[in-house]
Amino acid sequence: MNHCEFEEVTRHINDKISVIKRLLELRAVAKDPDKRATLIKVEQEVNAINELLDRFERYVGQQRDLLKHLKDLEEFFLEDEKDAHHLKNNTPLHMPRRGQKTAPQEGGQVAVQSRTDAPQAPQEPGPPKKNQRNQIKEVEFITVPEFDSIPPYMKGRVNYDQLNAAVQSINTTVTAKYKIVHQPIKSLNNVSRALHQRFKDQETKDTKGQFFVVEQDIREFAQLKVDKRFVGMLNMLRHCQRLREVRGGGVTRFILL
């Protein structure tokens, strides 16, 4: 046994002796009726303190569990906040309308679903209702899978946002044009009346009941230059089945599908 162990054993024995002496003193005190009552009261207070300490210990345990739960919630919140920032920074400028779908083809490519399973014979239009007559059709925005399905040689350097900006320009043109078409001729001024007549002259049997625009409409209403690049975007919209091209009389008509 080394010196340190010997001192530790000696200290332990001395502590035990001190405890025994204290117990003997308390035993002598307990024989006195007055001091015994005091000891009983002290015992009751010590028991009450022990019970209070147990309650504090349980409360501390509950708070520890609550703190752990709050930390877990904080992690979930930070993750949701990170996802929200990602969505905010990566949301497309143009969102597809509800019900607009794409269908996968063989080889993993994605193409636009046909709006009709088979070509339908033209139907004689009945008397249109007023609200249907004034409703103006718009081109649906291109989705990311549809854009990815466009052949690279056709896309060139045009990106997703630029193509949908062209869609927005066409919709602006269609809206401006058919607001004039749907108005009574008597309510139009001379300039709008001349435009109304031009629109009617451009109609053919192929455009009957359809919404269409020509290059001149895009230049006037969307304030765009219909150059080679814009014509390429029109071809991409034809590929995605948003437009159909009809030529005749020296005019190219772009019919909305």
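Remember, it's a predicted structure, so these values are computed and weren't measured experimentally. (Residues numbered from 1 in each chain as written. Predicted model: local features only at pLDDT ≥ 70, side-chain atom pairs only at ≥ 80, totals over all residues. Heavy atoms only, no water.)

Draft legend 1. Layout of unusual backbone geometry. At glutamine 223, a position not held by glycine, the phi torsion is positive, near 55°. Relative to the elements of secondary structure, glutamine 223 occurs in the loop between α8 (215-221) and α9 (228-239). Classification of glutamine 223 as exposed rests on a relative accessible area of 63%. Here the phi dihedral of glutamine 241 falls at roughly 60°; this positive angle occurs in a residue that is not glycine. In this structure, glutamine 241 sits in the loop between α9 and β4 (243-248). According to the relative accessible area criterion, glutamine 241 is partly exposed, its value standing at 29%. (Helix = DSSP H or I, 4+ residues; strand = E, 2+ residues; numbered from the N terminus. Buried < 20%, exposed > 50% of the residue type's maximum accessible area, 1.4 Å probe, protein only.)

Draft legend 2. The arrangement of the packing of helix α6 (residues 160-181) against helix α7 (residues 190-201) in detail. It is the contact of α6 with α7, at a shortest axis distance of 9 Å, that shows an interaxial angle of 100°. Between α6 and α7, the angle is such that the two are roughly perpendicular. Residues Lys177, Ile180 and Val181 of α6 touch α7, and the partners they reach there are Ser192, Leu195, His196, Phe199 and Lys200. Among the residues making up the contact of α6 with α7, the classes are represented as four nonpolar, two polar and two charged. (Axes fitted to C-alpha atoms, helices over the stretch in contact; angles between N-to-C directions. Parallel < 35°, antiparallel > 145°, perpendicular 65-115°, else oblique. Contact = heavy atoms within 4.5 Å. Nonpolar A, V, L, I, M, F, W, Y, C, P; charged D, E, K, R; others polar.)

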